[in-house]
Amino acid sequence: MKKLIHKTLNKISSVYSHIRLPSYYGTYWITPKPKYFSQFVSIYPASITPKKILTNKKDIKEFGAKDGKEFTFWAWRDCGIACVKMILATKNKAKKKTIMELTKEGVELGGYILYKNGKFVDEGWFHRPLSRLLRRNGVIARTKKWQSIESVASDILRNRLVILSLKLPSRPTIKEDGSFEPKKNAEYTGHLVLATGVKMNGKNVEGIFVHDPRGLKKYQKNTWIPYNTLNKVFTNRTVVTD
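Residues numbered from 1 in each chain as written. Predicted model: local features only at pLDDT ≥ 70, side-chain atom pairs only at ≥ 80, totals over all residues. Heavy atoms only, no water.

Colleague: Can you break down the nonpolar core residue by residue, with the values?
Modeller: In terms of nonpolar packing, the biggest core is built from 64 residues, with I156, L164, L166, V198 and I208 touching the most fellow members. Per-element accounting of this core gives the leading share, seven residues, to helix α4 (residues 79-90). When neighbours within four sequence positions are excluded, V198 is seen to be in contact with G26, T27, Y28, A153, I156, L157, V205, G207, I208 and F209. (Core = buried A, V, L, I, M, F, W, Y, C linked by side-chain atoms within 4.5 Å. Buried < 20%, exposed > 50% of the residue type's maximum accessible area, 1.4 Å probe, protein only. Helix = DSSP H or I, 4+ residues; strand = E, 2+ residues; numbered from the N terminus. Contact = heavy atoms within 4.5 Å.)

Colleague: Provide a residue-level description of the packing of α4 against helix α5 (residues 99-108), including the pertinent values.
Modeller: Between α4 and α5, whose axes approach to 10 Å, the crossing angle comes to 115°. Put simply, α4 runs roughly perpendicular to α5. Our pair here, α4 against α5, has a crossing hand that is right-handed. Facing α4, whose interface residues are I81, K85 and L88, α5 presents I99, L102 and T103. Class assignment for the residues of the contact of α4 with α5 results in four nonpolar, one polar and one charged. (Axes fitted to C-alpha atoms, helices over the stretch in contact; angles between N-to-C directions. Parallel < 35°, antiparallel > 145°, perpendicular 65-115°, else oblique. Left-handed = near helix turned anticlockwise from the far one by under 90°. Nonpolar A, V, L, I, M, F, W, Y, C, P; charged D, E, K, R; others polar.)

Colleague: Which residues make up the pattern of salt bridges, and what values do they have?
Modeller: Applying the stated rule across the entire model yields 13 salt bridges. Linking R136 and E108 is a salt bridge whose minimum nitrogen-to-oxygen distance equals 3.8 Å. In this pair, R136 sits in helix α6 (residues 127-136) while E108 sits in helix α5, placing the two residues 28 residues apart along the sequence. Classification of R136 by relative accessible area gives partly exposed; the value is 45%. Of the residues examined, E108 reaches a relative accessible area of 61% and is grouped as exposed. Close ionic contact of D155 with K144 constitutes a salt bridge, the shortest N to O distance being 3.0 Å. Of this pair, D155 sits in helix α7 (residues 149-157) while K144 sits in strand β4 (residues 141-144); the two residues are 11 residues apart in sequence, bridging distant segments of the chain. (Salt bridge = Lys/Arg side-chain N within 4 Å of Asp/Glu carboxyl O.)

Dropping the structure here:
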């Protein structure tokens, strides 16, 4: 029943947003161009696993972690914080804060829960705390539910920075070609990306460009997600700046 309600609300959002969507031909890019940061700092091959400690001292320092263990733990989880850092950098806010510093702030705000009743639960990043983290650092932001691709396009055309919540094949099980398509027997996980542009044909959305913080070779700056692909992986939730 809950799924049906969400599906209905998303459909209403899509129809309503399509009616209100301004007509635009070509690609509209967010200005100024959003800065890019990888949650892993450098480019790592898809073959790495969360159990393999990353030891690159330069990456550890830039991330702001105390050691490789802390860096590895949070690098695998910090897509949301990397998106927050991209927004802050684009807006010239909190320039000196590292991803680790922003991670600690986000945890304090309830954005990521590691333990419940002494049990390791590993849950997050939650959207409301991410919007609060942005506001704490000088950027007005809010969460949106029941969004459609059309409503996201509308926000981009208004030059708003949009963090999109996706359900994607995990880093080791996504195809290396930048298509956002899964390999065989893929494992799916929640992921956050930052929209950087939208391609329009009148009132029809052809697809959206995103900064993908995972740092894979074909999943970095301005990665293209066609409408039909995005429609399969978008969870209809966003964090939007004003």
